[in-house]
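Architecture and fold: a report
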Amino acid sequence: MAEIFTHVVNVMLPVLLCVLVGYGLAVAKAPFDRKMLGALVSYVGYPALILFHLAKQHIQLDTFLIVLSAAAGSIFIGGVVGFFVLKLLRISVKAYLSPMMLSNVGNIGLPVTTLAFGPEGAAVAIGFVIVVLVAIFTIGIALPMGRPDFATLARQPVIYAAFGSIALMASGWKIPGPIDQSLEILAGLAIPIMLLTLGYSLATLKLGGLTRAVLLSVIHIAISALTAFVLTWVLNLDGKIESVVIVLCFMPPSVATYLAISQYQQEEAPGVAGFIFVSTILTLVTLPVVLTYWATG
């Protein structure tokens, strides 16, 4: 048990420290261009990360397709259960359902699984990231706004990098050495920038309704546990990949969902911000427990 605890600390502490640096930059009011850094991750970091990991076949194509199904399944379960919970509690579905069903698999899930499970864990997390990003630009915008943003989705290089990687995996072709090394360098941008941006964003959220936030955060953890149980029961995955899927099910709500909510459901935005903030803090408790007792790989 001591060895497992040490491993969990080694996984979580670097992630936490990077997030705290981003939080500290916001507190210090240091210059921090989130729009520019977000574009850098979206247009350079993520595509490079996808091509670098998937083209190296850190995960087999058939397994990767199952991972995509698992990601879609996690969104579906979170959406269905979340819808009924919000209706039961008489809480706005338009404002709260997208963060309830779309998790932060990019900013937190990707670095945690990479540190915990290596390149194979990163490849699995990338599958979740692709599906969640598609959902954010469709469901995540359609719920608060009333319609999906297919135009913005079509401009996301992540989608084309995913198709390109699948083609490389299916054909067995290898990326030439110099290009592969360039992708490795550019891929290194994604994780640190995401963690810094997460910390900065958490510090600048305008919070409200913390009692509701705590209640919804606890419910979100329960839905995460249900989702992990169902997916691991239904899907035929080997030990390490199954562990990565379990960990990714316990990610907090995506901060990216807040952008559309703050624009189109302004009266509910502080409450949603509180929900995201509290859930993210609780991840510091839930993830070590999950890594220690369930997702042991």
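Residues numbered from 1 in each chain as written. Predicted model: local features only at pLDDT ≥ 70, side-chain atom pairs only at ≥ 80, totals over all residues. Heavy atoms only, no water.

A few points about the environment of Ser254
Tracing the backbone through its elements, the reader meets Ser254 in the loop between α11 (239-249) and α12 (257-264). The class for Ser254 is buried, based on a relative accessible area of 5%. In sequence terms Ser254 and Ser224 are 30 residues apart; their C-alpha atoms lie 14 Å from each other. (Helix = DSSP H or I, 4+ residues; strand = E, 2+ residues; numbered from the N terminus. Buried < 20%, exposed > 50% of the residue type's maximum accessible area, 1.4 Å probe, protein only.)

Quick notes on the packing of aromatic side chains
Applying the stated rule across the entire model yields four aromatic pairs. Ring centres 4.3 Å apart and planes at 10° place the aromatic pair Phe32 and Tyr200 in the stacked group. Taken together, the residues span a long stretch of sequence, with Phe32 in the loop between α1 (2-27) and α2 (34-55) and Tyr200 in helix α9 (residues 190-204) at a distance of 168 residues. Take Phe32 and Tyr200: they sit in the same class, and that class is buried. Ring centres 5.6 Å apart and planes at 80° place the aromatic pair Phe83 and Phe84 in the edge-to-face group. (Phe/Tyr/Trp six-rings, centres within 6.5 Å; stacked < 30°, edge-to-face > 60°.)

Focus: the pattern of salt bridges
Considering all chains together, one arrives at two salt bridges under this definition. As a salt-bridge pair, Lys240 and Glu120 come within 3.9 Å of each other at their nearest N and O atoms. Within this pair, whereas Lys240 is found in helix α11, its partner Glu120 is found in helix α5 (residues 105-145), the two being separated by 120 residues in sequence. Note on Lys240: relative accessible area 33%, which makes it partly exposed. Arg212 is the salt-bridge partner of Glu268, the closest N and O atoms lying 3.9 Å from each other. Separated by 56 residues along the polypeptide, Glu268 in the loop between α12 and α13 (269-293) and Arg212 in helix α10 (residues 210-234) bring together distant segments of the chain. (Salt bridge = Lys/Arg side-chain N within 4 Å of Asp/Glu carboxyl O.)

Quick look at the packing of α12 against α13
Where α12 contacts α13, the axes come no closer than 9 Å and their chain directions differ by 165°. For the element pair α12 / α13, the angle class is roughly antiparallel. Crossing handedness for the pair α12 and α13: left-handed. In this structure, α12 uses Thr257, Tyr258, Ile261 and Ser262 to contact α13, whose residues at the interface are Ala269, Val272, Ala273 and Ile276. Grouping the amino acids of the contact of α12 with α13 by side-chain chemistry returns six nonpolar, two polar and no charged. (Axes fitted to C-alpha atoms, helices over the stretch in contact; angles between N-to-C directions. Parallel < 35°, antiparallel > 145°, perpendicular 65-115°, else oblique. Left-handed = near helix turned anticlockwise from the far one by under 90°. Contact = heavy atoms within 4.5 Å. Nonpolar A, V, L, I, M, F, W, Y, C, P; charged D, E, K, R; others polar.)

Regarding the side chain of Thr292
By secondary structure assignment, the location of Thr292 is in helix α13. In this structure the side chain of Thr292 is engaged in a polar contact, spanning 2.6 Å, whose partner is the backbone oxygen of Pro288. (Polar contact = N/O pair within 3.5 Å; in protein donor to acceptor, adjacent residues only side chain to side chain.)

Comments concerning the packing of α5 against α12
Two packed helices can be described by the angle between their axes and the distance between those axes. One can describe the packing of α5 onto α12 by two numbers: an axis separation of 9 Å at closest approach and a directional angle of 15°. Between α5 and α12, the crossing angle belongs to the class labelled roughly parallel. Handedness of the α5/α12 crossing: right-handed. In contact with Gly140, Ile141, Pro144 and Met145 of α5, α12 contributes Ala260, Ile261 and Tyr264. Tallied by class, the residues present in the contact of α5 with α12 amount to six nonpolar, one polar and no charged.

Notes on the confidence of the model for the chain
Averaged over the chain, the pLDDT score is 90; the fraction of residues at 70 or greater is 97%. Model confidence for the chain, summarised as mean pLDDT per element, is weakest for helix α6 (residues 150-154) at 82 and strongest for α10 at 96. (pLDDT = per-residue confidence, 0-100.)

Some thoughts on the environment of Ala213
Looking at the element boundaries, Ala213 is found in helix α10. Taking the C-alpha atoms as reference, Ala213 lies 15 Å from Ile261; in sequence the two are 48 residues apart. Among residues more than four places away in sequence, those in contact with Ala213 are Gly274, Phe275 and Val278.

Here we look at α5
Because the α-helix completes a turn every 3.6 residues, residues three or four places apart line up on one side. Over its 41 residues, α5 runs only 23 Å from end to end, short of the ideal 60 Å by more than 12%, given 1.5 Å per residue. The element α5 is largely enclosed, with a buried count of 32 among its 41 residues. (Expected span 1.5 Å × (residues − 1).)

Here's the deal with the nonpolar core
Core analysis: the largest hydrophobic core is formed by 97 residues, its most contacted members being Ile59, Val112, Val247 and Leu291. Examining the composition of this core, we find that 19 residues originate from one element, α5, more than from any other. Among all residues touching Val112, those that are not within four sequence positions of it are Val11, Met12, Val15, Val247, Leu287 and Leu291. By size, the runner-up hydrophobic cluster in this structure holds five residues, among which are Ile141, Leu153, Ile159 and Ala260. (Core = buried A, V, L, I, M, F, W, Y, C linked by side-chain atoms within 4.5 Å.)

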